[in-house]
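Close look at the chain arrangement
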Amino acid sequence: MEEMAEHAHAHHVDPVVEYQSSKFGMWLFIATELLLFGGLFTAYTIYRAKYPEMFHEQHLELNKPIGAINTVILICSSLTMALGVASIKRGKQELLRLFLSLTILFGIMFLINKYFEWGHEFRDGNYPGTSIFFSLYFMMTGLHMIHVIVGLLVLAVMLAWSFTGRFSDKYNTPIELGGIYWHLVDLIWIYLFPLLYLIG
Amino acid sequence: MEIKAHSENHVTGSGTYVAVWIALTILTIITVAASYVHFGTFNLVIALGIASLKASLVALYFMHLKFEEKITWVFFLYPLVLLTILISLSMSDVFFRIPVSP
């Protein structure tokens with residue numbers, strides 16, 4: 001507990017309080033993210049209710065296998081992220097670096113898939129302006145992709161810091177909070193995938 | 001000041017994470033397979049049901065919500081309550097609005 005006091009020293013805050021406050025802060029942010037994507041999901045439900053045939057016809061043009069592979073990739077990345085958090089909570093620095101690296105690798109694989117998938121859509125002539133369905137598709141998956149990119153940047157910083165001995169079983173709050181954010185990215189995709197790719 | 005410290009002392013075992021990962025992968029396979037069968041409107045129910053199950057697993061175990069304090073649950077669930085209101089009232093508007101000519 002004494003080591004944690006160093007981090008809290010300047011603020012004269014109990015390190016346990018600081019840790020819990022930090023976590024609350026991240027959960028508050030998660031709440032705003034749920035509402036952000038929730039707005040887009042609301043738009044999806046409204047237009048799907050109004051134009052069911054458009055959704056059915058056009059969703060067939062999406063690449064279901066790539067979507068499914070991306071789903072599995074993100075699920076794997078969530079596993080490696082969770083294992084990374086558990087590792088550092090047990091003081092295992094090298095395991096943390098390994099699992100952070102794997103998580104980032106999975107994230108990059110997701111982005112590469114997206115690159116080919118969207119490239120294919122553009123070559124087929126499907127753009128955000130093609131129809132309401134594709135407008136929603138590109139907006140929702142695009143906003144999600146931006147979250148993946150930001151998440152990867154955060155994880156890269158975490159990985160860099162993990163080489164400086166900054167994290168330990170006593171102090172690993174940024175890793176845990178970064179993990180919560182990354183799981184949210186996975187969670188959003190868990191809903192995006194069936195709504196866009198599976199059910200027309 | 002009374003701080004409940006037990007929540008941050010709990011470290012989930014790797015075995016639990018792997019089990020959750022296996023469940024998520026199996027559910028993904030099921031939901032993709034089900035999408036190839038024509039259940040009609042029920043396809044929507046199946047897909048959203050499985051998605052919600054997967055989301056719950058991610059939230060409860062990966063995001064550690066199962067072991068967090070109740071106030072954290074409120075932060076996570078309250079936006080969903082708001083979304084339920086937003087979507088249901090929007091749906092009722094879409095289905096029951098009577099067009100009025102200018």
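All of these numbers come straight from a predicted model, not from anything done at the bench.

1. Some remarks on the overall build of chain B
Scanning chain B from terminus to terminus reveals four helices and zero strands. Going from N to C terminus, chain B has its helices and strands arranged as α-α-α-α. Judged by the C-alpha coordinates and their principal axes, chain B covers about 65 × 45 × 15 Å. Looking at the 102 residues of chain B, the share that counts as buried comes to 20%. In chain B, the proportion of contacts linking residues at least 24 apart, taken out of those at least 6 apart, comes to 55%.

2. A word on the overall build of chain A
When helices and strands are tallied, chain A shows seven helices and zero strands. Referenced to the eigenvectors of the C-alpha coordinate spread, the extents of chain A come out at roughly 65 × 30 × 20 Å. Taken across its 200 residues, chain A has 40% of its residues classed as buried. A fraction of 78% describes how many contacts in chain A between residues 6 or more apart in sequence connect residues 24 or more apart.

3. Regarding the interface of chain A and chain B
Taken together, the contact pairs 35 residues of chain A with 39 residues of chain B. Secondary structure elements with two or more residues in the side of chain A that touches chain B: helix H2 (15-50), helix H4 (64-89) and helix H7 (173-198) of chain A. Looking at which element gives the most residues to the side of chain A that touches chain B, the answer is H2(A), with 15 residues. Its residues placed into classes, the side of chain A that touches chain B shows 25 nonpolar, six polar and four charged.

4. Describing the packing of H2(A) against H7(A)
Residue and element names in this part refer to chain A. Two elements in contact, H2 and H7, have axes whose closest approach is 10 Å; the angle formed by their N-to-C orientations is 15°. The orientation of H2 with respect to H7, classified from their angle, is roughly parallel. Judged by the sense of rotation from one axis to the other, the crossing of H2 with H7 is right-handed. Within the contact between the two elements, H2 uses Tyr19, Ser22, Lys23, Met26, Ile30, Glu33, Phe37 and Tyr44 and H7 uses Thr173, Leu177, Ile180, Tyr181, Leu184, Ile188 and Leu195. Class assignment of the residues belonging to the contact of H2 with H7 gives a composition of 11 nonpolar, two polar and two charged.

5. What about the nonpolar core?
It is characteristic of soluble globular proteins that their nonpolar side chains tend to be buried jointly. Counting 67 residues, the largest nonpolar core has Ala82(A), Ile188(A), Leu192(A), Leu196(A) and Tyr17(B) as its most contacted members. Mapped onto this core, the elements with two or more residues apiece are H2, H4, helix H5 (93-123), helix H6 (132-162) and H7 of chain A together with helix H2 (14-34) and helix H3 (42-62) of chain B. What Ile188(A) contacts, discounting residues up to four positions off in sequence, is Phe37(A) and His144(A).

6. Considerations on the environment of Ala34(B)
All names here are of chain B. Among the secondary structure elements, Ala34 is positioned in helix H2. A residue is classified by how many C-beta atoms lie within 10 Å of it, and Ala34, with 18 of them, is partly exposed. A C-alpha to C-alpha distance of 7.8 Å links Ala34 and Ile46, two positions 12 residues apart in sequence.

7. Concerning H7(A)
Residue and element names in this part refer to chain A. Helix length check: H7 (26 residues) gives 37 Å between terminal C-alpha atoms against 38 Å at 1.5 Å per residue, within 8%. Along its length, H7 reaches its greatest deviation from straightness, about 25°, at Leu192, and the proline Pro194 lies no more than four positions downstream. For H7, the tally of buried residues reaches 23 of 26 residues, placing the bulk of the element in the interior.

8. With respect to the packing of H4(A) against H5(A)
Residue and element names in this part refer to chain A. Between H4 and H5, the shortest axis-to-axis distance is 8 Å and the interhelical angle comes to 165°. The orientation of H4 with respect to H5, classified from their angle, is roughly antiparallel. Helix-helix and strand crossings are classified by hand; for H4 and H5 the assignment is left-handed. Here the contact of H4 with H5 is built from residues that sort into 16 nonpolar, eight polar and one charged.

9. Structural notes on unusual backbone geometry
The phi angle at His64(B) is positive, at roughly 70°, despite the residue not being glycine. Assignment of secondary structure puts His64(B) in the loop between H3 and helix H4 (70-96).

10. Some remarks on the confidence of the model for chain B
Caution applies to low-pLDDT regions: their predicted coordinates should not be interpreted in detail. All names here are of chain B. Taken as a whole, chain B shows an average pLDDT of 89; of its residues, 91% reach a score of 70 or greater. Mean pLDDT across the secondary structure elements of chain B bottoms out at helix H1 (residues 6-9), with 52, and peaks at H2, with 96. With pLDDT under 50 throughout, residues 1-7 is counted as low confidence; its partners more than four residues away or in other chains account for seven contacts.

11. Some points on the environment of Leu195(A)
Looking at the secondary structure, you find Leu195(A) in helix H7. In the structure, Leu195(A) is positioned 58 residues away from Tyr137(A) in sequence and 9.8 Å away in space, judged by C-alpha atoms.

What counts and what doesn't
- Residues numbered from 1 in each chain as written.
- Chains lettered and ligands numbered in written order.
- Predicted model: local features only at pLDDT ≥ 70, side-chain atom pairs only at ≥ 80, totals over all residues.
- Helix = DSSP H or I, 4+ residues; strand = E, 2+ residues; numbered from the N terminus.
- Buried ≥ 20, exposed ≤ 12 C-beta atoms within 10 Å, placed from the backbone.
- Contact = placed C-beta atoms within 7 Å.
- Nonpolar A, V, L, I, M, F, W, Y, C, P; charged D, E, K, R; others polar.
- Axes fitted to C-alpha atoms, helices over the stretch in contact; angles between N-to-C directions.
- Parallel < 35°, antiparallel > 145°, perpendicular 65-115°, else oblique.
- Left-handed = near helix turned anticlockwise from the far one by under 90°.
- Core = buried A, V, L, I, M, F, W, Y, C linked by C-beta atoms within 7 Å.
- Expected span 1.5 Å × (residues − 1).
- Bend = angle between axes of the 7 residues up to and from the residue.
- pLDDT = per-residue confidence, 0-100.

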